[in-house]
Amino acid sequence: MHLLAINWSEVGIKAGQFVLSFSIIVVLHELGHFIPARIFKCRVEKFYLFFNPWFSLWKKKIGQTEWGIGWIPFGGYVKIAGMIDESMDKEQLKAPAQPWEFRSKPAWQRLIIMVGGVVVNLILGFMIYAMMLWYWGEEYVPTNKFSYGIYTDSLAQSIGLRDGDKIASVDGEYIERFNKIPLKVILSGAKTLQVERNGQVTDIDVPEDFAGKLIRFKDVNFIGARVPFVRVDSVVPSSVAEKAGLRKGDKVVSINVTSAAWFHEFVRQIVKNRGKTLSLLVDRGGQTLTIPVTVPKKEGIGVYNVDPKNLLEVKTVHYSFADAIPAGLNKSIETLQSYWLQLKLIFSGKVKTSESLGSVFSIANMFAPEWDWESFWAMTAFFSLVLALMNILPIPALDGGHALFTIIEMVTRRKPNEKVIEYAQMAGMVLLLGLMTYALGVDLFRIFK
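Keep in mind that what you see is a predicted model, and the values were worked out from it rather than measured.

Enquirer: What is the right way to read the sheet that holds strand S8 (residues 192–197) from this model?
Expert: Two pairing modes exist for strands in a sheet, parallel and antiparallel, and in both the strands are linked by backbone hydrogen bonds. Here we have 3 strands laid out as an open sheet, ordered S7-S8-S9, and antiparallel in their pairing. The two strands at the open ends of the sheet, each matched to only one other strand, are strand S7 (166–170) and strand S9 (200–205). Sheet twist, expressed as the mean angle between neighbouring strand axes with direction ignored, is 30°. Pairing of S8 with S9 involves 6 bridges; the strand directions are antiparallel. Residue Leu 193 lies in a different strand from S9, and its bridge partner there is Ile 204.

Enquirer: Which parts of the structure should I look at to understand the pairing of strand S3 (residues 65–69)?
Expert: Successive side chains on a regular strand alternate, one facing one side of the sheet and the next facing the other. Two strands pair when backbone bridges link them, and strand S1 (residues 44–51) and S3 are joined in this way by 4 bridges, in the parallel orientation. Within S3, the residue paired with Tyr 48 across the bridge is Gly 68. As paired strands, strand S2 (residues 58–62) and S3 are joined by 5 bridges and run antiparallel to one another. Bridged to Lys 60 within S3 is Trp 67.

Enquirer: Any chance you could explain the confidence of the model for the protein here in plain terms?
Expert: For any part of a model where pLDDT is low, the fine detail of the predicted coordinates should not be relied upon. Per-residue pLDDT for the protein has a mean of 84; in total, 85% of the residues score no lower than 70. Per-element averaging of pLDDT across the protein places helix H9 (residues 353–356) at the bottom with 54 and helix H2 (residues 107–136) at the top with 96. Between residues 1–5, whose pLDDT stays under 50, and residues either more than four places distant or in other chains, the model counts 8 contacts.

Enquirer: Explain the packing of H2 against helix H12 (residues 399–412) to me, please; I cannot follow it from the model alone.
Expert: For any two helices packed against each other, the geometry comes down to the angle between their axes and how far apart the axes lie. For the pair H2 and H12, the least separation of the axes is 9 Å and the interaxial angle reads 160°. Regarding the angle of H2 to H12, the classification is roughly antiparallel. Here H2 and H12 pass one another in a crossing that is left-handed. Residues Ala 107, Trp 108, Arg 110, Leu 111, Met 114, Val 115 and Val 118 of H2 touch H12, and the partners they reach there are Asp 399, His 402, Ala 403, Thr 406, Ile 407, Glu 409 and Met 410. Class assignment for the residues of the contact of H2 with H12 results in 9 nonpolar, 2 polar and 3 charged.

Enquirer: I keep staring at the sheet that holds S1 and nothing clicks. Help me out?
Expert: Read across the open sheet, the 4 strands follow the order S2-S3-S1-S4; overall the sheet is mixed. Looking along the sheet, the strands with just one partner apiece sit at the ends: S2 and strand S4 (72–80). Adjacent strand axes in the sheet meet at a mean angle of 10° when their direction is disregarded. Relative to S4, S1 runs antiparallel, the two sharing 6 bridges. Note on S4: the bridge partner recorded for Val 44 is Ile 80.

Enquirer: How do you make sense of helix H11 (residues 373–391) when you look at a structure like this?
Expert: Count 3.6 residues to each turn of an α-helix, and residues three or four apart come out pointing the same way. Between the first and last C-alpha of H11 there are 26 Å, a value that for 19 residues agrees with the 27 Å anticipated at 1.5 Å per step. Along H11, the residues classified as buried are Phe 376, Met 379, Thr 380, Ala 381, Phe 383, Ser 384, Leu 385, Val 386, Ala 388, Leu 389 and Asn 391.

Enquirer: Could you clarify how one ought to interpret the pattern of salt bridges in this entry?
Expert: Pairing of side chains with opposite charge becomes possible as their charged atoms draw close. Enumeration according to the criterion identifies 12 salt bridges in this entry. The partner of Arg 110 in a salt bridge is Glu 409, and the shortest N-O contact between them spans 2.7 Å. One end of the pair, Arg 110, is in helix H2; the other, Glu 409, is in helix H12, and 299 residues separate them in sequence. The exposure class assigned to Arg 110 is buried, which follows from its relative accessible area of 5%.

Each value, and the rule that gives it
- Residues numbered from 1 in each chain as written.
- Predicted model: local features only at pLDDT ≥ 70, side-chain atom pairs only at ≥ 80, totals over all residues.
- Heavy atoms only, no water.
- Pairing = 2+ DSSP bridges.
- Helix = DSSP H or I, 4+ residues; strand = E, 2+ residues; numbered from the N terminus.
- Axes fitted to C-alpha atoms, helices over the stretch in contact; angles between N-to-C directions.
- pLDDT = per-residue confidence, 0-100.
- Contact = heavy atoms within 4.5 Å.
- Parallel < 35°, antiparallel > 145°, perpendicular 65-115°, else oblique.
- Left-handed = near helix turned anticlockwise from the far one by under 90°.
- Nonpolar A, V, L, I, M, F, W, Y, C, P; charged D, E, K, R; others polar.
- Expected span 1.5 Å × (residues − 1).
- Buried < 20%, exposed > 50% of the residue type's maximum accessible area, 1.4 Å probe, protein only.
- Salt bridge = Lys/Arg side-chain N within 4 Å of Asp/Glu carboxyl O.

What follows is the structure, given as structure tokens:
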């Protein structure tokens with residue numbers, strides 16, 4: 001691992017966004033349990049943001065509830081009296097049930113308490129998306145407005161796609177928003193792509209295992225908008241490019257004699273030659289310069305092209321408050337469908353868990369390297385919906401597991417044996433902790449590999 005290559009400023013910004021985002025999600029999720037529990041007069045003994053084995057970073061008892069902040073940022077919990085939960089506190093279950101305990105409440109009340117967190121996360125994700133659309137609107141480049149066609153990587157080329165192709169349709173269906181094409185290929189099992197090449201429409205067959213390969217290699221963006229490398233629009237302060245002498249307005253003609261006419265070609269050469277010194281031929285106001293640049297082993301050199309929005313026809317959609325509500329709901333449904341289909345690929349065995357799992361490190365790394373509120377709220381909405389979907393799975397130790405036992409009770413009119421629930425909870429906790437440990441190990445292996 002090359003520690004000197006790590007941008008600690010970016011790490012701090014990503015970590016800050018992760019902590020704030022998950023604090024919002026977790027606190028509201030637990031309030032989804034806490035509020036109905038108090039409405040139904042259950043005693044809530046603890047309310048914690050993050051887990052607190054052995055000690056807490058902060059805690060204070062208010063009334064009958066201990067409020068606190070733990071030190072392991074894997075989630076949070078509320079401890080409701082008379083319920084077998086993450087704390088595995090079985091002592092209170094040895095005594096007769098008390099009126100204020102969870103186990104003494106009717107099944108319908110217990111079900112509401114259990115699914116409260118999931119409902120809040122669904123509402124949170126939906127509301128964030130709706131408010132984002134209302135405040136910022138939405139911008140995208142229509143698929144038929146990709147003037148320069150697409151760029152392709154090696155996986156895309158392996159099925160016959162080429163740089164400069166224009167996507168006409170997927171399985172005969174025109175997709176208005178280009179960013180939905182990769183997801184349709186990955187998640188809907190697309191069979192063919194119709195592309196315009198040299199004025200003719202060509203069919204590209206999509207192999208059955210292509211979606212699995214894309215996820216395995218984390219290559220969701222296997223195609224993108226091809227744009228010319230017009231000029232250096234900005235140079236990152238203190239970057240390799242700035243130290244080498246590159247300036248805003250420079251036109252990079254070639255890199256190691258390889259043409260840099262297209263920005264993706266320039267990026268490709270940078271990635272291909274990490275750790276090496278490259279020779280850039282630069283046009284600066286009519287003067288030709290040769291600038292040597294040593295590429296870092298883990299990063300780019302720190303130059304940006306002209307914003308693609310200035311080179312392509314961008315469509316902007318503005319939403320009124322009333323229009324943003326159904327649009328936010330549709331975006332939430334699409335997000336849930338997309339993630340559920342990804343889970344199906346994993347459960348079906350088409351994608352190895354070791355290649356798709358990630359711990360808090362992977363999650364934090366998904367946030368933007370610069371503090372951008374639009375990006376922050378988009379990630380928060382996404383993770384809130386993902387948390388809701390994961391939590392409702394009928395796995396013991398998750399909300400869905402508790403809800404399943406309660407629904408069985410409501411259907412059969414017989415309460416499951418508390419020992420069965422206890423053992424199921426223990427098995428679920430072992431499974432989840434094992435999965436979290438495994439994901440953490442996978443991430444650490446990726447970091448130090």
